[in-house]
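# Architecture at a glance
For reference, the chains in residue letters:
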Amino acid sequence: MRTEQAGSTPVASRPAVAAVDLVKVYGSGDTAVRALDGVTVGFARAEFTAIMGPSGSGKSTLMHCLAALDTATSGRALLGGTDLTRLGDRVLTKVRRERIGFVFQSFNLLPQLTAAQNITLPLDLSGRRPDRELFGHLVGVLGIGDRLKHRPSELSGGQQQRVALARALVCRPEVVFADEPTGNLDSRSGAEVLALLRQSVRDLGQTVVMVTHDPNAAGYADRVVLLADGRIAGDLDQPGPDRVAAALQQLAAAR
Ligand code: ADP
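Counting of residues starts from 1 at the beginning of each chain's written sequence and follows it residue by residue. Under the rules for a predicted model, residues below a pLDDT of 70 receive no local features and side-chain atom pairs below 80 are neither given nor counted, while totals for whole chains, interfaces and linings still include all residues. Hydrogens and water are ignored here; the side-chain numbers use all heavy atoms of the structure.

Space left empty within the atom packing is revealed by a probe, the size of a water molecule, rolled over the atoms. Whether a set of points on the 1 Å grid over the protein atoms alone is a cavity depends on a 1.4 Å probe fitting there but being unable to get out, while an open set qualifies as a pocket with protein on both sides within 12 Å along at least five of seven lines; lining residues are those with an atom within 4 Å of a point. Grid points are joined across faces, edges and corners, and a volume is the space filled by probe spheres set on the points. Going through the model one piece at a time under the given rule, you end up with two cavities of 30 Å³ or more. Roughly 80 Å³ of volume is contained in the largest cavity. Together, H137, L138, V141, L142, L169, L196, Q199, S200, D203 and L204 line the largest cavity. The helix and strand labels rest on DSSP assignments: H or I over at least four residues marks a helix, E over at least two residues marks a strand, and numbering proceeds from the N terminus. Ranked by residue count, the leading element in the lining of the largest cavity is helix α6 (residues 187–204), at five residues. Within this model, the second largest cavity holds a volume of roughly 50 Å³. Contributing to the lining of the second largest cavity are C65, A68, D70, T71, A72, A77, L84, T85 and L92. Residues are grouped as follows: Ala, Val, Leu, Ile, Met, Phe, Trp, Tyr, Cys and Pro are nonpolar; Asp, Glu, Lys and Arg are charged; all remaining types, including Gly, are polar. Each residue belonging to the lining of the second largest cavity can be placed in one class, and the counts come to six nonpolar, two polar and one charged.

Here it is as structure tokens:
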């Protein structure tokens, strides 16, 4: 049996992703911007968390530092037991490819590849074979089985985002980071994508962290973490859209 060192966090109770006193400063001298000002927060496994806050509050910066897309100035960005702030660029690329799934507002599919090729691209790049059973399951649940040979330009926005979702999930990543995933979708397609993210948490035990400015989108999450001026400004458990909107209004009024 594996024993834990005294004082360390047991693996099972360790958050999937965590920031510890995370600081990010852009620029220097008079023009320096402290985008993250000592953020400490953990995101539990198999939970759907939304990060919200006014524009400029540090949401994107926090997500980028936790997703190995940017490096923090100080503090720790933890993915499982790995401190991303200690890794070099090459290892970070590998971490992004193999351990993290991404869903972006602009879908970020490669136009020359078919839907199926886009879905398996991160696996292909890291020399891994797709799990055919999971691939089939995802394609079925996401309703894109008859679109697999199409290129992104032949798909609707909602279908493209479902392909991006399949690409993120098929790697069985430790976390899926979604950056305004419904920002380019009509409300019906957006609701479908959010319901599918929710379903991935429930059925696959997926951990999802989503940045959004939309209280309705945040209403799909188990938890909403609020940021203001680069600091944690609130933490809501199972809030509905109304409670999220009220908390955001309160934050705006306090500025
Ligand atoms: P949000 O996602 O909540 O809108 P950001 O994380 O994008 O906030 O930005 C937080 C702060 O950091 C803002 O003041 C923003 O202007 C600043 N910022 C973000 N990226 C850069 C950058 N590359 N260079 C300089 N300042 C930046």
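To continue, consider the sheet that holds strand β5 (residues 82–83). Two strands are said to pair when DSSP picks up at least two bridges between them. Taken together, the four strands give an open sheet; going across it, the order is β2-β1-β4-β5, and neighbouring strands pair in antiparallel fashion. A single partner strand is all that each edge strand has here, and the edge strands are β2 (33–43) and β5. The pairing of strand β4 (residues 74–79) with β5 spans two bridges and is antiparallel. Within β5, the residue paired with L79 across the bridge is T82.

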